[in-house]
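Structural description and commentary
Chain by chain, the residues run as shown.
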Amino acid sequence: MSDIAISVEGVSKQYRRGIPIGNDRMTEVLSNLGRGLVSGPRRWLARSRRPEPCVPAEASADFWALKDVSFDVRRGEVVGIIGRNGAGKSTLLKILSRITEPTAGRFGVRGRVGSLLEVGTGFHQELTGRENIFLNGTVLGMSRREVLKKFDEIVAFSEIEAFLDTPAKRYSSGMYVRLAFAVAAHLEPEILIVDEVLAVGDARFQKKCLGRLGEIAAGGRTVLFVSHNTPAVLTLCHRAVWLSDGRVLGSGEAKDVVSEYLELGTASTKERHWAGDGAPGDDRVRLRSASVAPCDSTTGTHLTVDTALRFRFEFSTAVSGATFHYCVTVSETERGCIFQTHSAAVPCPAGLVCGEFVVPGGLLNDGTYTVRVQVMEDGAKVRADAPESLVFQIHDVERSGAWFGKWAGAVRPTLAWTVSNDVRPIAHTDGPDVGGPHG
Ligand SMILES: Nc1ncnc2c1ncn2[C@@H]1O[C@H](COP(=O)(O)OP(=O)(O)OP(=O)(O)O)[C@@H](O)[C@H]1O
């Protein structure tokens, strides 16, 4: 029991669509004015204290933002909460941060909590940035001297020194997030609860935040981290909980839960079969099947940037000796055509003719791909054409380092770099550079 930092048992939260029950959003904002970004330990298991305010008869507008959610987080564990928009992730974090109450169920949070939730929660709006830093330290039980020791680090991290004496209500969302992250990450709460704040702010600051989160995680603190950035979840989190429509669809090792989430959450057609005369083609030749799968069949069906892919196609022909060949075009939805490949043109016997090729792992970038397969006769005549025969996703993998953005480029080849440490001293000359474009 003692190594459980967060315990969630059958937690449910009901809302009224469109019209928040009891003007809930406003209640949340107002109640939050009395809280800091951090909170001290409270009663270990908090039961829902009151039913939601009176719910009128037209119950069709009521819905469960969370339904019977249960999981535990051990001390020192870093747990990612993943799920599509509206899955209930923020609601869960707000309950655990005691900004809103569950309609049913109970939960316990053992230790001082630092919460980094959506912009607008956490800071006291009338107080300045400086005052908010001290207030949050006080709530965490730190002395003024202890906060002072961290103060410069917080200000340096937040990069908003010039606005320290401005009331928080005048901050832009970017400034708010910078200071909020700096406070929550440096005042050393025992448990850090972080919502998708990293979506706000520029890429450089996001990188800095994720780097800091990585340090916190490595330092043995308990972290609950909501994010749509699956490479970040894969890299930072030991475990993940997948929410869908307010329910837990999966929980366990981060890599297993994330791959299941990506796989089921996206529409893909990795195998196609065509029967009868409706199949693409004409009387001479018709496509019969198309598939893409990992070359190593023991790795499951999840495709990542490291997976070697086997593409396989079949056509049937009623004529013997005609010269057919396959033309396959692989495109990515945002980047366009990635490559086209042709099989050899050979005289084919009547019957089923199979063609396949392999794309090595460590070549394609992550993204959503479509495959067009055509069967040509005599080099150029298109006999069969299936423009979107296959649709599949290639997912990113765990990264080393602290950068989790998208990799640029149509492909993302793994190349055999050599980096030498045989560094020769740079020759200093007083003369002009030579060998440049105008050299
Ligand atoms: N105070 C509220 N009143 C009424 N409905 C609410 C309230 N807060 C959240 N909801 C609704 O509850 C559902 C879950 O919302 P929540 O913000 O928890 O989802 P989420 O998984 O965090 O989504 P996102 O990834 O978009 O942030 C959504 O349908 C949302 O519109």
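Looking at an unreviewed UniProt entry, one finds the protein named Teichoic acid export ATP-binding protein TagH, with Fimbriiglobus ruber as its source organism. According to the UniProt record, the Sequence similarities (unreviewed entry) comment for the protein reads "Belongs to the ABC transporter superfamily."

Looking now at empty space enclosed by the protein. Evaluated as defined, the whole model comprises two cavities of 30 Å³ or more. Empty space within the second largest cavity amounts to approximately 40 Å³. Contributing to the lining of the second largest cavity are T304, V305, T307, L309, V359, P360, G361, G362, L363, L364 and I394. Across the lining of the second largest cavity, the residue classes break down as seven nonpolar, four polar and no charged.

On to the packing of aromatic side chains. Counted under the stated rule, the structure contains eleven aromatic pairs. With centroids separated by 5.1 Å and ring planes inclined at 50 degrees, the aromatic side chains of F315 and Y326 adopt a geometry described as tilted. In this pair, F315 sits in strand 14 (residues 309-317) while Y326 sits in strand 15 (residues 322-332), placing the two residues eleven residues apart along the sequence. The class of F315 is buried, set by a relative accessible area of 1%. Looking at Y326, the relative accessible area reads 6%, which means it is buried. Between the NZ or CZ atom of K67 and the centre of the ring of W64, over which it lies, the distance is 4.0 Å. One residue, R144, lies across the ring of F134, its end atom 4.3 Å from the ring centre.

Bringing the sheet that holds strand 12 (residues 271-273) into the picture now. Backbone-to-backbone hydrogen bonds pair the strands of a sheet. The strands run either parallel or antiparallel. Overall, antiparallel pairing links the four strands, which are arranged 12-13-14-18 in an open sheet. On the outer flanks of this sheet lie strand 12 and strand 18 (351-359), each paired with one strand and no other. Pairs of neighbouring strands in the sheet enclose a mean axial angle of 15 degrees, with direction left out of account. As judged from the three bridges shared by strand 12 and strand 13 (residues 285-294), these two strands associate in the antiparallel manner. The partner of R272 across the bridge, within strand 13, is A290.

This next bit is on unusual backbone geometry. The bulk of non-glycine residues show a negative phi, and the bulk of peptide bonds are trans. Residues other than glycine seldom take positive phi values, yet D68 does so here, at roughly 55 degrees. For D68, the location among the structural elements is in strand 4 (residues 62-74). Residue D378 is not a glycine yet carries a positive backbone phi of 55 degrees. Its place among the elements puts D378 in the loop between strand 19 (367-377) and strand 20 (381-394). According to the relative accessible area criterion, D378 is exposed, its value standing at 58%.

All told, the structure shown has 22 salt bridges when counted by the stated rule. The shortest N-O distance in the salt bridge between D62 and R16 comes to 2.6 Å. Here D62, found in strand 4, pairs with R16, found in strand 1 (residues 4-16); they are 46 residues apart in sequence, far enough to count as distant. Per residue, the accessibility class of D62 equals that of R16, and both read buried. K169 serves as the salt-bridge partner of E126, at 2.8 Å between the closest nitrogen and oxygen. Within this pair, whereas E126 is found in the loop between strand 7 (113-116) and helix 3 (129-139), its partner K169 is found in the loop between helix 4 (144-158) and helix 5 (173-186), the two being separated by 43 residues in sequence. Since its relative accessible area comes to 57%, E126 is described here as exposed. Salt bridges linked by common partners bring D282, R284, E377 and R383 together as one network.

What counts, and where the lines are drawn
Residues numbered from 1 in each chain as written. Predicted model: local features only at pLDDT ≥ 70, side-chain atom pairs only at ≥ 80, totals over all residues. Heavy atoms only, no water. UniProt positions renumbered as here; feature names shortened; annotations may be inferred. 1 Å grid on protein atoms, 1.4 Å probe; cavity = no way out; pocket = protein on both sides within 12 Å on 5 of 7 lines; lining within 4 Å. Points joined across faces, edges and corners; volume = space filled by probe spheres on them. Nonpolar A, V, L, I, M, F, W, Y, C, P; charged D, E, K, R; others polar. Phe/Tyr/Trp six-rings, centres within 6.5 Å; stacked < 30°, edge-to-face > 60°. Helix = DSSP H or I, 4+ residues; strand = E, 2+ residues; numbered from the N terminus. Buried < 20%, exposed > 50% of the residue type's maximum accessible area, 1.4 Å probe, protein only. Lys NZ or Arg CZ within 6 Å of the ring centre and 35° of its normal. Pairing = 2+ DSSP bridges. Axes fitted to C-alpha atoms, helices over the stretch in contact; angles between N-to-C directions. Salt bridge = Lys/Arg side-chain N within 4 Å of Asp/Glu carboxyl O.

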